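This is what each chain is made of:
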Amino acid sequence: MKFVISGDSVGHFKRNLAGLQDRFDAALTAAVNMAASMIQQLGEQDIATSGRFGQAWTSGLHVDIEGGSTRNMRISMTHDIPFASIFETGGVIHGNPFLWVPLSGTDAEGIRARDYPAGLFSSKHTRSGVPLLFSLSDKQPKYFGIESVTIPKLFHLNTIVRSVMSNFRAIFDSQFRGGAA
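Because the structure is a prediction, the values reported are computed rather than measured.

### What about the environment of Val149?
Next up, step 1: Position of Val149 among the secondary structure elements: in strand β6 (residues 141-151).
Next up, step 2: The spacing of Val149 and His94 is 55 residues in sequence and 6.7 Å in space, taken between C-alpha atoms.
Next up, step 3: The contacts of Val149, once residues within four sequence positions are left out, are Gly91, Val92, Ile93 and Leu99.

This is the structure in C-alpha cells:
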C-alpha cells in the first residue's frame, strides 16, 4: 500500500484542517456556553428548593465564562451574598460574643439586629437566662442571643458542577456534530 500527498493534496488537506479548527472552536464555545447555562439553571433550582431562600439568593448566583479564546475559557461561579458558601459546606458560625436571632412573630423577622429601625437595648436579667434585645419604642423582646449556630449543608452546587462537567464530552460531541442533542 502506498500513500502519497502531492502538492495539490497538501493545499486541500490544509484547508480541511483549517475548517476543522473553526468547527472545533465553534463547538467548544457552544458547549461551554451550554454547560454554564445548565449550571446556572440547576444551581438556581437547588437554592430555591433548599429552604427559605428568596429571590436575592437565586439571582445572586452568577455563572460566568472567562477567557477570550477557546484556549483559555473557563467557567466560574460566584455569589453576591458573601456568606453563601456556608450553605454549600455546612459548618459552625460563632458570635462575637453573640449571634442575634430575631424572634419569630415579631417585626424584627428578616431584619438584622444592627439594622433594626426602632433601636434596641439589652437585658442580661431575663428569667430564662438567655440574653435578649428589646425594642426602645415598645419595650418588647425582638432578638435572642446565642453563642454559635451549626448550619447544615443545604446547597449542592459543587455536585451540580461535577455532574454537568462529567457530561461535558457528550455536550461537546453533540455541538461538534451540528448541535443535535
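There's plenty left to go through after this.
### Things to note about the side chain of Lys142
Next up, step 1: Residue placement: Lys142 occurs in strand β6.
Next up, step 2: A relative accessible area of 5% means that Lys142 is categorised as buried.
Next up, step 3: A polar contact is formed between the side chain of Lys142 and the side chain of Asp107, at a distance of 2.9 Å.

### Considerations on a nonpolar patch on the surface
Next up, step 1: Together, Met34, Met38 and Leu42 make up an exposed nonpolar region whose accessible area comes to about 220 Å².
Next up, step 2: Tracing the backbone through its elements, the reader meets Met38 in helix α1 (residues 7-48).

### What to know about helix α4 (residues 157-166)
Next up, step 1: Taken together, the buried positions of α4 are Leu157, Ile160 and Val164. Down the axis of α4, the buried side of the element spans an arc of 55 degrees, and every buried residue falls inside it. Turned more than 90 degrees off the buried face of α4, the exposed positions are Arg162 and Ser166.

### Structural notes on the sheet that holds strand β4 (residues 120-123)
Next up, step 1: As summarised here, the arrangement of the four strands in space is β3-β6-β5-β4, forming an open sheet in which the pairing is antiparallel. Among the strands making up the open sheet, the edge pair consists of β3 (91-102) and β4. For this sheet the average axis-to-axis angle between neighbouring strands, irrespective of direction, equals 25 degrees.
Next up, step 2: The pairing of β3 with β6 spans eight bridges and is antiparallel. Counterpart to Pro102 in the pairing with β6 is Tyr143.

### Topic: the nonpolar core
Next up, step 1: Ranked by internal contacts, the top residues of the largest apolar core, which has 24 residues, are Ile47, Phe53, Trp57, Phe87, Phe155, Phe168 and Phe172.
Next up, step 2: Those elements that provide at least two residues to this core are α1, β1 (61-66), α3 (86-89), α4 and α5 (168-176).
Next up, step 3: The element that contributes the greatest number of residues to this core is α1, accounting for eight residues.
Next up, step 4: Beyond its immediate stretch of four places on either side in the chain, Phe155 contacts Asp46, Ile47, Ser50, Phe53, Trp57, Ala84, Phe87 and Glu88.
Next up, step 5: Counting five residues, the second largest nonpolar core, distinct from the first, contains Ala108, Ala113, Tyr116 and Tyr143.

### Points about the packing of aromatic side chains
The description of an aromatic ring pair uses the distance of the two centres, along with the angle that the planes make with each other.
Next up, step 1: A full pass over the atoms with the stated rule returns twelve aromatic pairs.
Next up, step 2: Judged by centre distance (5.4 Å) and plane angle (20 degrees), the rings of Phe121 and Phe134 are stacked. Linking Phe121 in strand β4 with Phe134 in strand β5 (residues 132-135), this pair joins segments that are 13 residues apart in sequence.
Next up, step 3: What makes Phe121 partly exposed here is its relative accessible area of 32%.

Rules of the game
Residues numbered from 1 in each chain as written. Predicted model: local features only at pLDDT ≥ 70, side-chain atom pairs only at ≥ 80, totals over all residues. Heavy atoms only, no water. Helix = DSSP H or I, 4+ residues; strand = E, 2+ residues; numbered from the N terminus. Contact = heavy atoms within 4.5 Å. Buried < 20%, exposed > 50% of the residue type's maximum accessible area, 1.4 Å probe, protein only. Polar contact = N/O pair within 3.5 Å; in protein donor to acceptor, adjacent residues only side chain to side chain. Patch = residues over 30% accessible without salt bridge, like charges linked within 9 Å, V, L, I, M, F, W, Y side chains within 5 Å. Areas by Shrake-Rupley, 256 points an atom, 1.4 Å probe, with all protein chains shown as cover. Salt bridge = Lys/Arg side-chain N within 4 Å of Asp/Glu carboxyl O. Arc of directions from axis to C-beta. Pairing = 2+ DSSP bridges. Axes fitted to C-alpha atoms, helices over the stretch in contact; angles between N-to-C directions. Core = buried A, V, L, I, M, F, W, Y, C linked by side-chain atoms within 4.5 Å. Phe/Tyr/Trp six-rings, centres within 6.5 Å; stacked < 30°, edge-to-face > 60°.

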